[in-house]
Amino acid sequence: MTAQIATNIRKNIGNLRSRSRIVNYSLWIVQTALALIFLIAGVAKFATPMEVMTAQLPIALPGAFILFIGAAEILGAIGLLLPGLLHVREELTPLAAAGLVSIMVGATALTLIDGGIVSALIPLAVGLLAAFVAYGRWHYLSP
């Protein structure tokens, strides 16, 4: 009986490790995709002339605010990848993802104002993916 319990415990631990690896790989895939998305979006805010950038928005936003969002997107992209890759201050990854969620809440609201519900699904989906990373990485940090 005791040997069977020990065997069941070992099998359950093996299943948990396998699931944990799958979730970790999933998080890394999503983090990498999000980092690319936000890096491209942030660099585009600096590379695109401000007149063109503000003309695309449904509400007039100050140029400094657009540049601030671009810088936050670039730093968020860096925060999604570097702490985990370097194994330094890994608790910053869920914070970076949470910050990107807040950016995407604003992006979804702005898109709803101008483009309607269908257009708002893209920033909503990106925000949900960032929330998945924030929750998943935060969950892995807790004991």
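Quick caveat: nothing in here was measured; it's all calculated off a predicted structure.

(A) Region of interest: the layout of surface pockets. Its boundaries defined by the atoms lining it, the largest pocket holds a volume of some 750 Å³. What lines the largest pocket is a set of 26 residues, among which K45, L57, A107, L110 and T111 lie closest to the centre. Contributions of two or more residues to the lining of the largest pocket are made by α1 (2-47), α3 (63-86), α4 (92-115) and α5 (117-141). Among the elements that make up the lining of the largest pocket, the one with the highest residue count is α4 (8 residues). Of the residues contributing to the lining of the largest pocket, the split by class is 18 nonpolar, 5 polar and 3 charged.

(B) Molecular detail of the pattern of salt bridges. All told, the structure shown has 2 salt bridges when counted by the stated rule. For K45, the salt bridge is made with E73, and the minimal N-O distance between the two is 3.1 Å. Taken together, the residues K45 in helix α1 and E73 in helix α3 connect sequence positions 28 residues apart. Residue R89 pairs with E91 through a salt bridge whose shortest N-O separation is 2.6 Å. What makes E91 partly exposed here is its relative accessible area of 36%.

Basis of the calculations
- Residues numbered from 1 in each chain as written.
- Predicted model: local features only at pLDDT ≥ 70, side-chain atom pairs only at ≥ 80, totals over all residues.
- Heavy atoms only, no water.
- 1 Å grid on protein atoms, 1.4 Å probe; cavity = no way out; pocket = protein on both sides within 12 Å on 5 of 7 lines; lining within 4 Å.
- Points joined across faces, edges and corners; volume = space filled by probe spheres on them.
- Helix = DSSP H or I, 4+ residues; strand = E, 2+ residues; numbered from the N terminus.
- Nonpolar A, V, L, I, M, F, W, Y, C, P; charged D, E, K, R; others polar.
- Salt bridge = Lys/Arg side-chain N within 4 Å of Asp/Glu carboxyl O.
- Buried < 20%, exposed > 50% of the residue type's maximum accessible area, 1.4 Å probe, protein only.

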